[in-house]
Amino acid sequence: MRLVRLADGREVGDGHPCLVVAEQGINHDGDLEKALALCRAAQSAGADYVKLQKKTPRLAVPESQWAIPKETPWGEVLPYITYKERIEFGRAEFDAIDRECRQLGLPWFASAWDVPSLEFLLAYNPPAIKVPSACLTDTVLLEAIRRSGVPAILSVGMSTLAQIRLAVAALGPDRLILLWCRSAYPTPPEHLNLNAVLTMRAQFPVQPIGYSGHEVGRFTTLCAAVLGAAMGERHLTLDRASKGTDHAASVEPKGIARLVQAIRRWEEARG
């Protein structure tokens, strides 16, 4: 039976509701107040978890990209590495987010893009650690997550089945959830290949299979749940028209609320 118990006791997998994860990622644009507002929006929408990201930019960003000009949400053009460092939250911001989520009764976790970021996040006793698609072949990071004992959630965008199998071996087959994902922002519907949820279920019979989407709209995430996705992760933004990397591939608060409602109605109706 596909079943993983997260560190907060929540079970994910067969026989359980599809968990909805509101991924705010970097849609806070480096603004703590916006991050807190996104947490409140996720809670109001009925999401099961809110997710963030944590990286050490000079480890996670290839040096060849550091000097590339980047138009920022604040109207400036900065070197890419400067932009990435400016939007990165530190201990004070994560402490504030942790307090807010505790008051809301909304658990949170984050993607760890490197080992120092993993160690940073473990101080908060997260229910899980997310591995972004871009880190799927980072064996050092994967093995560090395995040693931590914290359940892992792995997105598989840009990956082959052989690479996914190696990542599963590095993370350990237990306490692992796999998310089908296409790494395009936003992803055209004809490129989503939602049947891969079924393929992943056939290829990986032990791990719960979920879906991480970057498309426009919410209907396709409902379709993934109908196909058997145990977790649905979608980016959350306060305004899709905002300037920034992920806003256009995100869902606004009302959209997340409607997605949660639609999945719960499907679960009631399927019999």
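Everything below is about the structure shown above.
About the criteria used
Residues numbered from 1 in each chain as written. Predicted model: local features only at pLDDT ≥ 70, side-chain atom pairs only at ≥ 80, totals over all residues. Heavy atoms only, no water. Helix = DSSP H or I, 4+ residues; strand = E, 2+ residues; numbered from the N terminus. Rg over C-alpha atoms; globule rule 2.2 N^0.38 Å. Buried < 20%, exposed > 50% of the residue type's maximum accessible area, 1.4 Å probe, protein only. Contact = heavy atoms within 4.5 Å. Phe/Tyr/Trp six-rings, centres within 6.5 Å; stacked < 30°, edge-to-face > 60°. Lys NZ or Arg CZ within 6 Å of the ring centre and 35° of its normal. Core = buried A, V, L, I, M, F, W, Y, C linked by side-chain atoms within 4.5 Å. Axes fitted to C-alpha atoms, helices over the stretch in contact; angles between N-to-C directions. Parallel < 35°, antiparallel > 145°, perpendicular 65-115°, else oblique. Left-handed = near helix turned anticlockwise from the far one by under 90°. Nonpolar A, V, L, I, M, F, W, Y, C, P; charged D, E, K, R; others polar. Expected span 1.5 Å × (residues − 1). Polar contact = N/O pair within 3.5 Å; in protein donor to acceptor, adjacent residues only side chain to side chain.

Undergrad: Is there a simple way to think about the overall build of the protein in this case?
TA: Counting secondary structure elements, the protein contains 10 helices and 12 strands. Taken over C-alpha atoms, the radius of gyration comes to 17 Å for the protein, in line with the 18 Å a tight globule of 271 residues would show. The principal-axis extents of the C-alpha atoms in the protein amount to approximately 55 × 40 × 40 Å. When each of the 271 residues of the protein is scored for burial, the buried share is 51%.

Undergrad: I would appreciate a short explanation of the environment of Met1 in the present structure.
TA: Structurally, Met1 can be placed in the segment before strand S1 (3-5). You can call Met1 exposed: its relative accessible area is 74%. For the pair Met1 and Pro205, spaced 204 residues apart in sequence, the C-alpha separation works out to 8.1 Å. Leaving out residues up to four positions away in the same chain, Met1 has contacts with Asp14 and Val206.

Undergrad: So what exactly am I meant to see when it comes to the packing of aromatic side chains here?
TA: Two numbers describe a pair of aromatic rings. These are the distance of the centres and the angle of the planes. In the structure shown here, the tally under the stated rule is nine aromatic pairs. Between Tyr49 and Phe109, the ring centres sit 5.8 Å apart and the planes meet at 70°, which makes this aromatic pair edge-to-face. Of this pair, Tyr49 sits in strand S4 (residues 49-54) while Phe109 is found in strand S7 (residues 108-112), placing the two residues 60 residues apart along the sequence. Among the residues examined, Tyr49 registers a relative accessible area of 0% and is labelled buried. Measuring from centroid to centroid gives 5.3 Å for Phe94 and Phe120, while their planes differ by 75°, and the two rings are edge-to-face. One end of the pair, Phe94, is in helix H4 (residues 91-104); the other, Phe120, is in helix H5 (residues 115-122), and 26 residues separate them in sequence. Taken individually, Phe94 and Phe120 each receive the classification buried, so the pair is uniform in this respect. For the cation-ring pair, Arg58 lies above Trp66, with the distance from its terminal atom to the ring centre recorded as 4.8 Å.

Undergrad: Where do I start with the nonpolar core in this structure?
TA: Soluble, globular proteins show a tendency: their nonpolar side chains are buried together. One finds Trp108, Leu154 and Leu178 to be the most contacted residues of the largest nonpolar core, which totals 64 residues. For this core, the element with the highest residue contribution is helix H1 (residues 32-45), accounting for seven residues. Those residues in contact with Trp108 that lie beyond four places of it in its chain are Val50, Leu52, Phe94, Asp98, Cys101, Leu121, Tyr124, Pro126 and Pro127. Membership of the second largest hydrophobic core comes to 13 residues, among which are Val4, Tyr49, Ile177 and Met231.

Undergrad: Sorry if this is basic, but what is going on with the side chain of Ser133 here?
TA: For Ser133, the position within the fold is in the loop between strand S8 (129-131) and helix H6 (139-148). Taking relative accessible area as the criterion, Ser133 reaches 11% and is therefore assigned buried. Sequence-distant contacts of Ser133, defined by excluding residues within four places in its chain, comprise Ser155, Val156, Gly157, Met158, Cys181 and Ser183.

Undergrad: How do you make sense of the packing of H1 against H4 when you look at a structure like this?
TA: Helix-helix packing is characterised by the crossing angle of the two axes and by the distance between the axes. At a closest axis distance of 10 Å, the pairing of H1 and H4 adopts a crossing angle of 25°. When the axes of H1 and H4 are compared, the pair comes out roughly parallel. H4 is crossed by H1, and the crossing has right-handed handedness. Residues Leu32, Ala35, Leu36, Cys39, Arg40 and Gln43 of H1 lie in contact with H4, whose contacting residues are Glu93, Ala96, Ile97, Glu100, Cys101 and Leu104. Of the residues assigned to the contact of H1 with H4, the class counts are eight nonpolar, one polar and three charged.

Undergrad: Any chance you could explain H1 here in plain terms?
TA: Note that an α-helix has 3.6 residues per turn; residues three or four places apart therefore point the same way. Counted at 1.5 Å a residue, the expected span for H1 with its 14 residues is 20 Å, and the 20 Å between its end C-alpha atoms agrees. Of the positions making up H1, those classed as buried are Ala35, Leu36, Leu38, Cys39, Ala41, Ala42 and Ala45. In this structure, the buried side of H1 is in contact with strand S3 (19-25), S4, H4 and helix H10 (253-269). Two to three positions downstream of the cap, the backbone nitrogen of Glu33 sits 2.9 Å from a side-chain oxygen, assigning the N-cap of H1 to Asp31. Once H1 finishes, Gly46 follows within two positions and takes phi at roughly 90°, a positive value.

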